[in-house]
Amino acid sequence: MVDSGKADGARGTSGGGGRLHAYRVRGAGRSGVVLWAGGRGDEPDRVLASAEAGRRRVPVFVTVRQARAYARRRGWGPAAPGAGTLELVRVQRWLADPLRRRVPAGTVLEAWNFFEDLARGLGAAHRLPRQGAVHDSAYEKLFAGGCADWTPDEQRAVLELVAAGVDLWDSSS
């Protein structure tokens, strides 16, 4: 992902990575548009973060147009005029009552991926739970649409990861 902070320097579109895309996140408490870059080759994806006053922050915009203008001013060109959308509010509703609400599987999967990319952009992987075999198993079931088959440990692992991701998103600016 692009880093506009002086610590890493702006090194092209993503520190040698893929093209920028606007990505809208609609949460219960916080919503906005961020810039995301797919990794090139083996590089992982990241959400754009900049270093300000010794702290990494995610620039969050009200509109896709503002995000694109921000990127253009820095010489970075988003790949497409539109934006993908993460309906984080659906995940937050599930988190509020996971025993009574049905898992929004596709949205949870998208949120999980977003939180990993966000953590990488912020240099904050430590803010998400360390993932192990139980996460891998839960992710595979989620990817296949089989989250109803989660074991109690898998569900706990997903809830913990997603809750930590929501906290990371809420504190990222």
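Note that the structure is predicted; figures quoted are calculated from it, not measured. (Residues numbered from 1 in each chain as written. Predicted model: local features only at pLDDT ≥ 70, side-chain atom pairs only at ≥ 80, totals over all residues. Heavy atoms only, no water.)

**Q** Which parts of the structure should I look at to understand the packing of helix 4 (residues 133-143) against helix 5 (residues 152-170)?
**A** Two quantities define a packed helix pair, namely the angle between the axes and the distance from one axis to the other. It is the contact of helix 4 with helix 5, at a shortest axis distance of 9 Å, that shows an interaxial angle of 90°. Between helix 4 and helix 5, the angle is such that the two are roughly perpendicular. On helix 5, the residues touching Val134, His135, Ser137, Ala138 and Lys141 of helix 4 are Asp153, Glu154, Ala157, Val158 and Leu161. Among the residues forming the contact of helix 4 with helix 5, the class breakdown is five nonpolar, two polar and three charged. (Axes fitted to C-alpha atoms, helices over the stretch in contact; angles between N-to-C directions. Helix = DSSP H or I, 4+ residues; strand = E, 2+ residues; numbered from the N terminus. Parallel < 35°, antiparallel > 145°, perpendicular 65-115°, else oblique. Contact = heavy atoms within 4.5 Å. Nonpolar A, V, L, I, M, F, W, Y, C, P; charged D, E, K, R; others polar.)

**Q** What exactly am I supposed to notice about the environment of glycine 106 here?
**A** Looking at where glycine 106 falls in the secondary structure, it is placed in helix 3 (residues 105-122). With a relative accessible area of 51%, glycine 106 lands in the exposed category. Each C-alpha atom, one on glycine 106 and one on leucine 142, is 7.8 Å from the other, the two residues being 36 residues apart in sequence. (Buried < 20%, exposed > 50% of the residue type's maximum accessible area, 1.4 Å probe, protein only.)

**Q** Looking at this structure, I do not really get the sheet that holds strand 1 (residues 20-26). What am I missing?
**A** Sheet strands line up and pair through hydrogen bonds in the backbone, either parallel or antiparallel. Judged by pairing direction, the sheet is mixed, and its four strands sit side by side in the order 3-2-1-6 without closing on themselves. The open sheet has two edge strands with one neighbour each: strand 3 (46-47) and strand 6 (83-86). Looking at chain direction, strand 1 and strand 6 are connected through four bridges and run parallel. Its bridge partner lying in strand 6, valine 25 is registered against leucine 86. (Pairing = 2+ DSSP bridges.)

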